Amino acid sequence: SAPAPGGSVAPAVAGRITLSDNSRIVFEPGDEDVAVYFILELVNNNTNPVNPDPPFVFDMPKGAQGTTLLDGSSPIARTKGAHVSLAGPVPPGKTIIQLVAEMPTTSGTLDVTQTFPAQMDRLSVFVKKVGDTKLSSPAIERQQEFPNDGQIVIGAMGGTIAPGKPIELHLVDLPHHSPAPRYTALAIAGVVVLAGVWAATR
């Protein structure tokens, strides 16, 4: 869109944003905890910056510790403890927010319930499989396992998730003490390629 007269930035308007189907939730089991990544791609189809209605604020899952914004996240993203918010309007196009937190596990199971304040166009969940780790959720329509960078990844897809609708995810048979190396955030990029191929063949 053309800049406003005088070269100033177009004024922000109230509007709707969505989480594109590039958004995903990734779990990486470790020795005493599970790292949960939220890779969120916010889409503003307006030609002006948008102040999301409802506001784009949410909390990480109950029990999450050490919430951290990863490199590559938009400068408007903010975290305070487990609370995630935006410091300004969402610009036109795509805005990336990448978060990680640790979820302690003591029983070999992990139950996560998460809500987002914007529609998620498609639920995508990936889990690094260690041992007999399994994923289940009433929101998942199909899942399968992929080889990825020498590891096995459980890939799961669901349909559109309405704003504020809880996403319930259940991990079972998690390792208590696993010698398997942890992923790096960069390894998640390989999963994205697989997800794209999978989505294209649906």
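The notes below deal with the structure included here. In this text the structure is predicted, and so the values were computed from the model without any measurement. (Residues numbered from 1 in each chain as written. Predicted model: local features only at pLDDT ≥ 70, side-chain atom pairs only at ≥ 80, totals over all residues. Heavy atoms only, no water.)

1. Topic: the overall build of the protein
Helix and strand content of the protein: one helix and 17 strands. Put simply, the protein has 202 residues, and 46% of those count as buried. In the protein, of all internal contacts separated by at least 6 residues, the share reaching a separation of at least 24 is 77%. In the structure as shown, the protein presents an accessible area of about 9700 Å², 54% of it carried by carbon and sulfur atoms. (Helix = DSSP H or I, 4+ residues; strand = E, 2+ residues; numbered from the N terminus. Buried < 20%, exposed > 50% of the residue type's maximum accessible area, 1.4 Å probe, protein only. Contact = heavy atoms within 4.5 Å. Areas by Shrake-Rupley, 256 points an atom, 1.4 Å probe, with all protein chains shown as cover.)

2. Here we look at the pairing of strand 13 (residues 124–129)
Across the six residues of strand 13, five count as buried, placing the element largely inside the fold. Note: strand 3 (residues 24–29) against strand 13, three bridges, orientation parallel. Across the sheet, residue Ile25 finds its bridge partner in strand 13, namely Val125. Inspection of the sheet shows strand 13 paired to strand 16 (residues 151–158) by six bridges, in the antiparallel sense. Its bridge partner being in strand 16, Ser124 is matched across the sheet by Met157. (Pairing = 2+ DSSP bridges.)

3. Observations concerning the sheet that holds strand 11 (residues 110–114)
With antiparallel pairing, the three strands of this open sheet are ordered in space as 11-17-14. With partners counted over all chains shown, the strands left at the sheet margins are strand 11 and strand 14 (134–136), one partner each. The average undirected angle you get between the axes of adjacent strands in this sheet is 20°. Relative to strand 17 (residues 167–172), strand 11 runs antiparallel, the two being bridged by five bridges. If you follow Thr113 over to strand 17, its bridge partner there is Glu168. (Axes fitted to C-alpha atoms, helices over the stretch in contact; angles between N-to-C directions.)

4. Quick look at the pattern of salt bridges
All chains considered together, the criterion is met by two salt bridges. Of the charged contacts in the structure, one is a salt bridge between Asp173 and Lys134, with a shortest N-O distance of 2.8 Å. Within this pair, whereas Asp173 is found in the loop between strand 17 and helix 1 (188–200), its partner Lys134 is found in strand 14, the two being separated by 39 residues in sequence. Relative accessible area serves as the criterion here: at 40%, Asp173 is assigned to the partly exposed category. (Salt bridge = Lys/Arg side-chain N within 4 Å of Asp/Glu carboxyl O.)

5. Some words on the packing of aromatic side chains
Counting across every chain of the model gives four aromatic pairs. Between Phe38 and Phe58, the aromatic rings sit 6.4 Å apart at their centres with planes inclined by 55°, giving tilted as the arrangement. Linking Phe38 in strand 4 (residues 33–44) with Phe58 in strand 6 (residues 58–59), this pair joins segments that are 20 residues apart in sequence. Since its relative accessible area comes to 6%, Phe58 is described here as buried. Where Phe58 meets Phe116, the ring centres are 5.2 Å apart and the plane angle is 80°; that geometry is what we call edge-to-face. Of the two residues, Phe58 sits in strand 6 while Phe116 sits in the loop between strand 11 and strand 12 (119–120), which places them 58 residues apart along the sequence. The exposure class assigned to Phe116 is buried, which follows from its relative accessible area of 4%. (Phe/Tyr/Trp six-rings, centres within 6.5 Å; stacked < 30°, edge-to-face > 60°.)

6. Some thoughts on the sheet that holds strand 9 (residues 83–86)
Spatially, 6-9-8 is the arrangement adopted by the three strands of the open sheet, whose pairing is antiparallel. The outermost strands of the open sheet, each flanked by one partner alone, are strand 6 and strand 8 (77–80). Bridging between strand 8 and strand 9 involves four bridges; their strand directions are antiparallel. Each residue of the ladder has a partner; that of Thr79, found in strand 9, is Val84.

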